[in-house]
Amino acid sequence: MTETISGVEQLISSEKDAALRKIGEKILAEQRISFQEGITLFEKASLGFAGGLANYIREKRHGNNTYFNRNFHIEPTNVCVFTCTFCSYSRLYKNREEGWELSADQMMHIVKSYDNKPVTEVHIVGGVHPKLTMQFFIDVMKRIKEHRPELHIKGYTAVELDYMFRKAKVSPEEGMQLLKDAGLQSLPGGGAEIFHPDIRSQICHDKVDTEGWLSIHKAAHNLGMHSNATMLYGHIENYMHRIDHMDKLRTLQDETGGFNTFIPLKFRNKNNDMSEVPESSVVEDMRLYAISRLYLDNFPHLKAYWPMLGRQSAQLTLSFGVDDLDGTIDDTTKIYTMAGSEEQKPALSTAELVSLIRQAGRHPIERDTLYHTIKDYGEEDLEALSHNPQYN
Ligand code: V47
Ligand code: SF4
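Residue positions are counted from 1 within each chain, in the order its sequence is given. The order in which chains are written sets their letters, starting at A; the order in which ligands are written sets their numbers, starting at 1. Per-residue local features of the predicted model are confined to residues with pLDDT of at least 70, and side-chain atom pairs are confined, for both listing and counting, to 80 or more; whole-chain, interface and lining totals are unaffected and use all residues. Based on all heavy atoms of the structure, the side-chain values leave hydrogens and waters out of the count.

Structural notes on helix 12 (residues 282-295)
Only DSSP runs of H or I with at least four residues qualify as helices, and only runs of E with at least two residues qualify as strands; both kinds are numbered from the N terminus onward. Expected span, for any helix, means 1.5 Å times one less than how many residues it has. Given a rise of 1.5 Å per residue, 14 residues ought to cover 20 Å, and the 20 Å separating the end C-alpha atoms of helix 12 matches this to within 8%. Here the term buried applies to any residue with accessible area under 20% of the maximum for its type, exposed to any over 50%, and partly exposed to those in between, with areas from a 1.4 Å probe on protein chains only. Burial analysis of helix 12 places twelve of its 14 residues in the buried class, which makes it a mostly covered element. Those residues of helix 12 that sit buried are Glu 284, Asp 285, Met 286, Arg 287, Leu 288, Tyr 289, Ala 290, Ile 291, Ser 292, Arg 293, Leu 294 and Tyr 295.

Here it is as structure tokens:
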């Protein structure tokens with residue numbers, strides 16, 4: 001498991017391709033790789049080569065530590081004005097009787113159902129309902145904060161925010177300040193998909209564009225908030241589109257330093273308008289994680305979202321650059337279940353998540369949203385943990 005410097009030197013020197021050897025040497029020397037070198041990695045690097053380098057970087061930054069948090073999700077609605085072709089989850093407003101819409105009281109009911117549980121974060125993300133206003137979400141967040149002030153609110157993708165801000169006729173800067181004042185603390189990474197216009201115009205032509213997505217995250221960063229960034233991969237994009245996406249994120253991160261985590265999201269093809277597009281192989285998934293770790297040299301963390309990848313693939317990613325497995329999630333998240341993930345009931349207790357990380361030879365650390373350590377589970381007795389109701 002542990003990637004030693006001599007092991008990586010050997011990996012690089014035994015590589016037959018000169019361009020890859022050069023990239024390997026740059027990475028070893030902590031030099032940034034170029035756009036073209038990112039593409040070369042996708043075109044030529046074997047899983048072993050990309051993975052070995054990514055694991056070296058991952059261990060240099062985080063050692064054996066693997067982070068997770070204890071969170072729960074609220075999906076206020078799956079009614080959505082947009083028509084992303086990959087989405088299995090949303091229902092148009094005209095078909096809203098097939099979907100769901102939670103009232104503020106129903107959202108508070110979910111929050112209160114966690115009253116005696118040691119969760120640290122609520123993740124709020126959903127469709128873009130034409131009747132839910134910014135004021136509605138401001139009121140809900142104020143109620144959450146009144147009820148449980150220490151609960152970190154990570155909420156609303158740039159897609160939801162862009163729509164809210166436009167309807168409320170406020171700029172991203174003004175809107176973000178209002179939401180921050182109401183209790184919003186960080187942004188999830190959704191809605192990024194693929195930034196390149198050739199792909200964006202085909203898979204999500206009507207929602208926030210690339211500039212809009214980036215400017216909303218920039219506005220949040222400028223207010224001292226942190227955010228994540230995703231990339232929906234493994235459909236009709238090519239290697240250049242992937243690197244273009246990461247390059248835009250790397251550039252903004254150089255400017256603001258506000259991103260915590262990059263989260264590649266594997267396209268799942270059930271029940272959507274892209275069902276004819278085959279899903280990527282596990283080998284391609286792992287190469288993608290590894291190359292992301294190498295390209296995004298200024299992102300502190302790389303996350304595998306286990307409800308979408310499945311538990312075994314998520315364990316495997318821990319050897320390909322990933323240092324974070326998101327959280328303990330109950331079965332309240334529907335977005336991947338509906339898109340065909342293996343995880344039809346995505347719920348893992350803390351004891352199960354700790355055990356999954358330990359089985360992969362890593363050291364589990366419970367973190368808060370901003371990656372402060374809450375508890376080190378390296379030496380914890382798993383048997384005792386699995387019988388303790390606080391961890392189940
Ligand atoms: O933007 C939709 C993706 C995202 C499919 O920040 C799909 O911690 C695969 O934002 N196949 C929303 N993916 C989810 C999201 C998120 C998830 C986990 C963690 C965080 C975080 C954020 O879900 C969308 C889209 O890219 N998605 N449909 C699909 N068929
Ligand atoms: Fe709406 Fe998000 Fe689905 Fe697109 S991915 S249709 S924005 S819920």
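Here we look at the UniProt feature "binding site: S-adenosyl-L-methionine" (unreviewed entry) in the protein
The UniProt record marks Phe 86 and Glu 193 with the feature "binding site: S-adenosyl-L-methionine" (unreviewed entry), using the residue numbering of this structure. Across 108 residues in sequence, these annotated residues keep their C-alpha atoms within 9.8 Å of one another, forming a single compact spot. Mapped onto the elements, Phe 86 comes out in the loop between strand 2 (71-74) and helix 5 (104-112). In this structure Phe 86 comes out as buried when scored by relative accessible area, which is 12%. Residues count as neighbours in contact if any of their non-hydrogen atoms are within 4.5 Å of one another. Leave out the neighbours within four places in its chain, and Phe 86 touches Glu 193, Ile 203, Cys 204, Lys 207, Leu 232, Phe 267, Asn 272 and Met 274. With respect to the secondary-structure elements, Glu 193 resides in the loop between strand 5 (186-187) and helix 9 (197-203). Not counting residues up to four positions away in its chain, the partners in contact with Glu 193 are Phe 86, Arg 200, Ile 203, Cys 204, Lys 207, Thr 230, Met 231, Leu 232 and His 245. Reaching out from Glu 193, the side chain makes a polar contact with the side chain of Lys 207 at a distance of 2.7 Å. UniProt positions are given in the numbering used here, feature names are shortened, and annotations may be inferred rather than shown by experiment. Each polar contact in these results corresponds to two N or O atoms within 3.5 Å; when the atoms are within protein, one needs to be able to donate a hydrogen and the other to accept it, and residues that are neighboring in sequence are counted only if both atoms are side-chain atoms.

Structural notes on the sheet that holds strand 10 (residues 363-367)
One key point about sheets: their strands pair by backbone hydrogen bonds, in either a parallel or an antiparallel sense. Note: two strands are recorded as paired if DSSP finds a minimum of 2 bridges between them. Pairing is mixed in the open sheet, where four strands are placed in the order 9-1-10-11. Looking at strand neighbours, the two that pair on one side only are strand 9 (324-327) and strand 11 (373-376), the edges of this open sheet. Between one strand axis and the next, the sheet turns by 30° as a mean value, whatever way the strands run. Strand direction decides the pairing type here: strand 1 (residues 65-69) and strand 9, joined by two bridges, are parallel. Paired with Asn 69 across the bridge in strand 9 is Gly 327. Orientation is described by lines fitted to C-alpha atoms, with helices fitted over the stretch in contact, and by angles between N-to-C directions that extend from 0 to 180 degrees. Helix 15 (residues 350-359) contacts strand 1, strand 9 and strand 10 of the sheet and is inclined by roughly 160° relative to strand 1.

What about the site of ligand 1?
Around ligand 1 sit 23 residues in total, of which Lys 154, Gly 189, Gly 191, Glu 193 and Lys 303 are the nearest. Between Phe 86 and ligand 1, the recorded distance is 2.9 Å, taken from a backbone N or O atom to a nitrogen atom. Here an oxygen atom of ligand 1 and a side-chain polar atom of Lys 303 are 2.8 Å apart. A 1.4 Å probe and the Shrake-Rupley method give the accessible areas. Residues count as covered only by the protein chains that appear here. Surface burial for ligand 1 is 96%, taken as the share of its 630 Å² of free accessible area covered by protein chains. Broken down by secondary-structure element, the contributors of at least two residues to the shell around ligand 1 are strand 6 (226-233) and strand 7 (259-266). With three residues, the single largest contributor to the shell around ligand 1 is strand 7. Taken together, the residues of the shell around ligand 1 sort by class into ten nonpolar, seven polar and six charged. The criterion for a residue being near a molecule or strand is simple. One of its heavy atoms has to lie within 4 Å of it. Only Asp, Glu, Lys and Arg are considered charged, only Ala, Val, Leu, Ile, Met, Phe, Trp, Tyr, Cys and Pro nonpolar, and every remaining residue, Gly among them, polar.

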